[in-house]
Amino acid sequence: MVRDDLYINVPSLFRCPISLDVMKSPVSLSTGVTYDRASIQRWLDNGNNTCPATMQVLQSKDFVPNRTLQRLIQIWSDSVEHYQSHRRVDSAVDNSVVPSQDEIKCIVEDIEKNRCCFDDLRKIMCFGEESEENRSFLAKMDGFVEMLVDFLGDKKDDINFIEQVVRVLDLILMYTAKYQQFTSKKNLDSLLLILRQGRSVQSRIGSVRIMESMSNDAESKLLIGENDELLLELIKSTGLDTDPSLIQASLSCLISISKARRVRSKLVNLKTIPELRNILTAEPNTGVISNAMTEKALKLLETLSSCKEGRAEICGDLVCIEAVVNKVFKISSEATEHAVTILWSLCYLFRDGKAREAVIKSNGLTKILLLMQSNCSPAVRQMAADLLKIFRVNSKSCLSSYDTKTTHIMPF
């Protein structure tokens, strides 16, 4: 999270009333007051039976995760991090004067005449970071994107220079549709070099985003997907010891290239599923795992469950199946849909006995029944109905005592 010594104005609503720090895992007591989970747990563990803020005696010491506030804190934190990373430029560059459009044209002309230097790219970076209008201007300059792509593949001997090229390209990606020009083996080699040796997290994130942009057609997906070294680095970048933004970018890229069947098989063989399980089982109050990251991990796991190797790996990992069941209702409607699709694929479509047993042991049947009563999409409701059939839910089942007339569902 964001520290006070960075002089960031933290909304008071985001601070824990006990620790006064930004809450990592906000939970609400029966009094309606929200605290950070770690702080209120310590308070209760010390034998206190009152609400610290109101001093009311607690009728119950149970607390409920405040998902709405957690999402707001995550959005705020991400926006602060994004602002800081895009305003941080090397001290050698004078940020007080942003180049004009005419000056940028002259700089680009100098670059085209083979007089390019590192400072030229930093000035362009400074110009692009200033506004959306400037980024659009760069992307539409004749030959500018093509020139950067040429640098990307031809200057691997200067990793610092290539890092800066990658950051400029990443800055203007959404303003250009010239992705096919990025796709070549030598460009992928440069991006792999940045992933392995890049000093800047932003350049590594940029290299992954560029790869995802490349993978907009079947041929490009295969070119990336058949590069085992590149796949290994992408998978490694989803590890929990990695920067959260890099994890999300890597998951998005892997989702994009995993549509080809042989790529899915490769990803399974390269041990992608254990990394996804680690994301799904990580403690939510660590500050690393976000809802968006969990959604992407479930989506990629759903894709991998569609191939034989992926199903075998998942069904052999009961912890992974339990983690999928636990995400039903917990994150978002999108995450729930991915989780139910995984369970439907394993248990109903391919009738795997181990998967069914794991779902039963992790209280999955109750959640499936709750789904039938919730305001879920027609597709999710149909998959839930299919799962109930395969589990043969009837009057003699383990759910026979469940009150199907329940009108209020508290999934937490």
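For the structure, check the block above.
Here is a short report on the structure shown in this document.

Calculation rules
- Residues numbered from 1 in each chain as written.
- Predicted model: local features only at pLDDT ≥ 70, side-chain atom pairs only at ≥ 80, totals over all residues.
- Heavy atoms only, no water.
- Phe/Tyr/Trp six-rings, centres within 6.5 Å; stacked < 30°, edge-to-face > 60°.
- Helix = DSSP H or I, 4+ residues; strand = E, 2+ residues; numbered from the N terminus.
- Buried < 20%, exposed > 50% of the residue type's maximum accessible area, 1.4 Å probe, protein only.
- Pairing = 2+ DSSP bridges.
- Contact = heavy atoms within 4.5 Å.
- Axes fitted to C-alpha atoms, helices over the stretch in contact; angles between N-to-C directions.
- Core = buried A, V, L, I, M, F, W, Y, C linked by side-chain atoms within 4.5 Å.
- Expected span 1.5 Å × (residues − 1).

A separate point is the packing of aromatic side chains. Applying the stated criterion to the full structure yields four aromatic pairs. Between the aromatic rings of Phe151 and Phe161, the centroid separation amounts to 5.5 Å while the plane-to-plane angle is 85 degrees, which identifies the pairing as edge-to-face. With Phe151 in helix 6 (residues 144-154) and Phe161 in helix 7 (residues 159-172), the pair connects residues that are 10 residues apart, well separated along the chain. Considered together, Phe151 and Phe161 belong to a single accessibility category, that of buried residues.

This paragraph deals with the sheet that holds strand 1 (residues 26-28). The strand order across the open sheet formed by three strands is 2-1-3, and the pairing between neighbours is antiparallel. Across the chains shown, the open sheet's two edge strands, defined by having one partner strand only, are strand 2 (34-36) and strand 3 (64-65). Relative to strand 3, strand 1 runs antiparallel, the two being bridged by two bridges. Counterpart to Ser28 in the pairing with strand 3 is Val64. The strands that helix 1 (residues 37-45) touches are strand 1, strand 2 and strand 3; relative to strand 2, the one it contacts most, it runs at about 95 degrees.

Right, let's talk about the nonpolar core for a bit. Residues Ile104, Ile124, Phe144, Leu148, Met211 and Leu301 are the most contacted members of the largest nonpolar core, which totals 103 residues. Here this core takes nine residues from helix 7, the largest share from any one element. Look past the residues within four positions of Met211 in its chain and what remains in contact with it is Leu188, Leu191, Leu195, Ile224, Leu230, Leu234 and Cys253. Judged by nonpolar contacts, the second largest core, of 18 residues, contains Leu44, Phe63, Ile73 and Val80.

Phi angles above zero are rare outside glycine, and Lys271 is one such case at about 70 degrees. Tracing the sequence through the fold places Lys271 in the loop between helix 13 (261-269) and helix 14 (272-281). Backbone geometry places Asn363, a non-glycine residue, at a positive phi of 65 degrees. Tracing the backbone shows Asn363 in the loop between helix 19 (353-361) and helix 20 (364-373).

On to helix 21 (residues 378-390). An ideal rise of 1.5 Å per residue puts 18 Å on 13 residues; helix 21 measures up with 19 Å between its terminal C-alpha atoms. Where helix 21 is buried, its residues contact helix 18 (333-349), helix 19 and helix 20.

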